Amino acid sequence: MTKGKKRSATKILVTSLIIICFVYFLFNFYSIKTNSSPAWTPGGHNNNLFYPRPSSVLIKKPALELIWTSSYIPLNRRGEYTTRAQHLSTFNNSGSIFLAVLRGGVTMFNEFGEMLFQNRARDGAFGTVAELEGEGLWSVVAFADSSICIFNSKGMIQRKLLIPNRVDQIFAADLDNDGKYELLTSEREKIPSSDVFKRVDWDKRTIKCYNAVTFERKWEFRTATIPFVDAVEDINNDGYKEIVCGTHSLENSISYGDMIDSNRTYIFLLDHLGNRIWMRTYVATFGRMRTSVADLDNDGTWEIIVSGNSWLKNWGFVNVLRATDGKILYSFPDKGALDYSITEHGIADLDGDGIKEIVCSSVGKKGSFFVLNNRCQPTGKEYRVTPASMNYDYIHCRLAVLNDIDGDGKIEIIGSSIVEKIIANDPRFMYSQYNEQQFVILSSECNEKLKTQLGGEIIVSDLIPGGGNEIIILGEEVSVYKLKEEEY
């Protein structure tokens, strides 16, 4: 072979290697962006507050580093005390990661903090994200200004449905496994009230099911207390998803069928056509029920986990129910109720033994994060918040996310706490002052790993693909943090 031919062959070989390496890089980069970034939808999967992707960067002594922060995000005009709305979601469209903020309207950011669009709403907004169009394309489903609006990632409103009623929640799911999504809403219809202290009363309370494409109403289920869809799952293994609902009592004695909004709150299971399979009644004043679905003991059958909360902060419990019929399998405490309320619960396998634990946060004269086993028995793992000042009435702790945020192979408990001092207490009006807002990361043993003065709504997501997960906090603005090694 001549010298010229050797050089030509060498050039071809080198060029081929460069092309192969470049294609390999692009493939892996695209794979990282598309496959390693699961979406965060309100409540996580099945309302378990669990984010499955572990951080791939080990942080031994964590500290927070601010990556970017946004400008001011408008507040919702009406309170969120009944909506239990989460206003942050992340999703992946065609390899691009998006952060949707559904508060004061709909605001969309890319992974670098650039605002892509903002659609402000007069009364605010809340909702969720879902793959309504299929093929990995996500949409934002928001309730804003008396309408359900479906946005694409470019901020264009694709569909809009006027809702004359008050809407407290939107949940998106493919109930009948036909590849097409349904929208479930919790709605209240208004009637005039003779009570001078109330502008309106709220009479008819329903869960309604709409076709997500045509907005055709498929069915409705009426209740006495305010219903919320917490999770959907194929409980009966029949190929269709059942709907797990909790309720919130306003104590205004509205009744319907075998339900009444007076010292009662409920959970119930609906089939995909809106028929009630079973219902369980709890006796509580201003009770709020929160439910989630998990296979706690890894035996192939579903359990429903229920936690009780009261607006009075003096009543609470945790139950594990058999999902098919609502029978109580395990309870904490064994009898009666607690003298404090459970604000949130999450489900994850904290110790890697294949059996899931129940992580709870509480509000009361004492506030804490604690862990129960799959049979609702206390494990002894607890983190109590100690206020700097003793001049307080309640300590609010709120579990936000369960995730391996520091890459150590174990699940961390991420949440926040705040101290409440009541400054005016009236049967109709109560005013409180809130202080000592804290953000905490705890180990699976409930030992403190990080504590700092931050507050707001918290989620964890692989917003910037690869490496460690990001912590996203919504206060007056959106702030995105990552963990770094503490500097000495």
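Placed above this text is the structure.
Residues numbered from 1 in each chain as written. Predicted model: local features only at pLDDT ≥ 70, side-chain atom pairs only at ≥ 80, totals over all residues. Heavy atoms only, no water.

A. Spatial organisation of the nonpolar core. Grouped together as the largest cluster of nonpolar side chains are 29 residues, with contacts concentrated most on Leu99, Ile471 and Val478. Taken together, the elements giving at least two residues each to this core come down to strand E3 (96-102), strand E28 (394-403), strand E30 (430-442), strand E32 (457-461), strand E33 (470-474) and strand E34 (477-485). Apart from the residues lying within four places of it in its own chain, the contact partners of Leu99 are Trp68, Leu88, Ser89, Thr90, Thr107, Met108, Phe109, Leu463, Ile472 and Val478. (Core = buried A, V, L, I, M, F, W, Y, C linked by side-chain atoms within 4.5 Å. Buried < 20%, exposed > 50% of the residue type's maximum accessible area, 1.4 Å probe, protein only. Helix = DSSP H or I, 4+ residues; strand = E, 2+ residues; numbered from the N terminus. Contact = heavy atoms within 4.5 Å.)

B. Quick peek at the pattern of salt bridges. Applying the stated criterion across every chain yields a total of 22 salt bridges. The closest approach of N and O atoms between Asp462 and Arg53, which form a salt bridge, is 3.3 Å. Note that Asp462 is positioned in the loop between E32 and E33 and Arg53 in the loop between helix H1 (3-35) and strand E1 (62-72), a separation of 409 residues in sequence. Neither residue differs from the other here; Asp462 and Arg53 are each classed as buried. Glu182 is the partner of Lys218 in a salt bridge, and the nearest nitrogen-oxygen pair spans 3.1 Å. Separated by 36 residues along the polypeptide, Lys218 in strand E13 (residues 217-223) and Glu182 in strand E11 (residues 182-192) bring together distant segments of the chain. Glu182 sits in the buried class, given a relative accessible area of 2%. (Salt bridge = Lys/Arg side-chain N within 4 Å of Asp/Glu carboxyl O.)

C. Highlighting the pairing of strand E5 (residues 115-120). As defined by bridge partners, strand E4 (residues 105-110) adjoins E5 across five bridges and the pair is classed as antiparallel. Among the inter-strand pairings, Met108 is bridged to a residue of E5, identified as Phe117. Two successive antiparallel strands, E4 and E5, enclose a turn made up of four residues, where Gly113 displays a positive phi of approximately 90°. (Pairing = 2+ DSSP bridges.)

D. Main features of the packing of aromatic side chains. Applying the stated criterion across every chain, the model contains 11 aromatic pairs. Centroid distance Phe221 to Phe268: 5.1 Å. Interplanar angle 40°. Geometry classified as tilted. Here Phe268 lies in strand E18 (residues 264-270) and Phe221 lies in strand E13, a separation of 47 residues in the sequence. Both residues of the pair, Phe221 and Phe268, belong to the buried class. Each ring, one from Phe332 and one from Phe370, has its centre 5.8 Å from the other, and the planes form 55°; the classification is tilted. You can see Phe332 sitting in strand E23 (residues 328-332) and its partner Phe370 sitting in strand E26 (residues 368-372), a full 38 residues away along the chain. (Phe/Tyr/Trp six-rings, centres within 6.5 Å; stacked < 30°, edge-to-face > 60°.)

E. Molecular detail of the sheet that holds strand E7 (residues 139-144). The sheet built from four strands is open, its strands ordered E6-E7-E8-E9 with antiparallel pairing. On the outer flanks of this sheet lie strand E6 (125-130) and strand E9 (157-162), each paired with one strand and no other. Mean inter-strand twist for the sheet, computed between neighbouring axes without regard to direction, equals 15°. When strand E8 (residues 147-151) meets E9, the two strands line up antiparallel, connected through five bridges. Counted as the bridge partner of Ser147 is Leu162 from E9. (Axes fitted to C-alpha atoms, helices over the stretch in contact; angles between N-to-C directions.)

Geometric descriptors of this kind do not, in isolation, establish any biological role.
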